[in-house]
Amino acid sequence: MLNIVIFGAPGSGKGTQSERIVEKYGINHISTGDVLRAEIKAGTELGKTAKGYIDQGQLLPDELIIDILASTLDGLKDSKGVIFDGFPRTIAQADALKKMLAERKQAVTVMLDLEVPEDELMKRLILRGQQSGRADDNEETIRKRLTVYHSQTAPLIDWYKQEGLYTHINGLGELERITEDICKAIDQAYNK
Ligand code: ADP
């Protein structure tokens, strides 16, 4: 089983790189952001709740997103592994993921931290907002999401360093080079 946590600030390229990794390794992709946007689109109660947080650039409460993650994970059959994209985003979520995988006799194989300078993140997200119309990709909400990233999510870097699972990836530059760096890190961790 290959369980990859792809980590990074909003706009760091987690989604794009996840799609490439899914193709190469034949694993499943769980993007909590995509799960929530699908709920919003379907007009469910969960979607309504999620929209309130997302539009404010805030994180959903840990208990709620942990439940969503657990049921998404349970929905996978005959999986060769998972790339977790957008989860965990807090220490409580990282603890929960560790427990959830341990209950399934599994563990995180590697955590990939896609690092991109802040001015580049802003540029990418503003452009994405113009192209895709994602409601949370407007300047005000982007700034809030980056603040939330620094205060609530970035502490996971030290958490994963302590677990011995942390790998830094330079997320600035050619898409293909970044994918190659990621694959090298995955192969190295998997063969350890
Ligand atoms: P980003 O491009 O900001 O990384 P995502 O698509 O991963 O965006 O997530 C969009 C929004 O969904 C977040 O700003 C947050 O409100 C909510 N969300 C996604 N994943 C989580 C999570 N693990 N915990 C709490 N909220 C989450």
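This text follows the structure it describes.
What you see is a predicted model; the values in this text were computed from it and never measured. Numbering of residues starts from 1 in every chain and runs along the sequence as written. The predicted origin of the model limits local features to residues at a pLDDT of at least 70 and limits the giving and counting of side-chain atom pairs to 80 or more, whereas totals for whole chains, interfaces and linings rest on all residues. Excluded from the side-chain calculations are hydrogens and water; all other atoms, namely the structure's heavy atoms, are used.

Draft legend 1. Representation of the nonpolar core within the structure. Nonpolar cores are built from buried Ala, Val, Leu, Ile, Met, Phe, Trp, Tyr and Cys residues. Side-chain atoms within 4.5 Å join them into one set. Here's how the labels work: a residue is buried when its accessible area is under 20% of the maximum for its type, exposed when over 50%, partly exposed in between, all with a 1.4 Å probe on protein chains only. The biggest cluster of nonpolar side chains holds 37 residues, and the ones touching the most others in it are Phe84, Leu97 and Tyr160. The numbering of helices and of strands both runs from the N terminus, where a helix is a DSSP run of H or I of at least 4 residues and a strand a run of E of at least 2. With six residues, helix H4 (residues 62-74) is the largest single contributor of residues to this core. Between two residues, a contact is recorded if the distance between any of their heavy atoms is within 4.5 Å. Leaving out residues up to four positions away in the same chain, Tyr160 has contacts with Val5, Pro88, Ala94, Leu97, Met111, Leu165 and Tyr166. Of all hydrophobic cores here, the second largest spans 17 residues; its members include Ile169, Cys183, Ala185 and Ala189.

Draft legend 2. Molecular detail of helix H7 (residues 139-153). For a helix, the expected span equals 1.5 Å multiplied by the number of residues minus one. The terminal C-alpha atoms of H7, which comprises 15 residues, lie 20 Å apart, in line with the 21 Å expected from a rise of 1.5 Å per residue. Every buried residue of H7 is accounted for by Thr141, Ile142, Arg145, Leu146, Val148, Tyr149 and Thr153. One side of H7 holds all its buried residues, which, seen down the axis, span an arc of 160°. Residues of H7 that are exposed and point more than 90 degrees away from the buried face comprise Glu140 and Thr147. Buried-residue contacts for H7 involve strand E1 (2-7), helix H3 (45-55), strand E4 (110-115), helix H6 (118-132) and helix H8 (156-162). By definition, the arc is the one covered by directions from the helix axis to the C-beta atoms.

Draft legend 3. A look at the packing of helix H2 (residues 32-42) against H3. Orientation is described by lines fitted to C-alpha atoms, with helices fitted over the stretch in contact, and by angles between N-to-C directions that extend from 0 to 180 degrees. In the contact formed by H2 and H3, the axes pass within 7 Å of each other and the chain directions differ by 120°. Considering the angle they form, H2 stands oblique to H3. The hand of the H2/H3 crossing is left-handed. For the pair H2 and H3, contact is made by Leu36, Glu39 and Ile40 and by Leu46, Gly47, Ala50, Lys51 and Ile54, respectively. Residues are grouped as follows: Ala, Val, Leu, Ile, Met, Phe, Trp, Tyr, Cys and Pro are nonpolar; Asp, Glu, Lys and Arg are charged; all remaining types, including Gly, are polar. Along the lines of polarity and charge, the residues of the contact of H2 with H3 split into five nonpolar, one polar and two charged. Angle categories are assigned with fixed cut-offs, so that under 35 degrees is roughly parallel, over 145 is roughly antiparallel, 65 to 115 is roughly perpendicular, and the rest are oblique. In a left-handed crossing the near helix is turned counterclockwise from the far helix by less than a right angle, and in a right-handed crossing that turn is clockwise.

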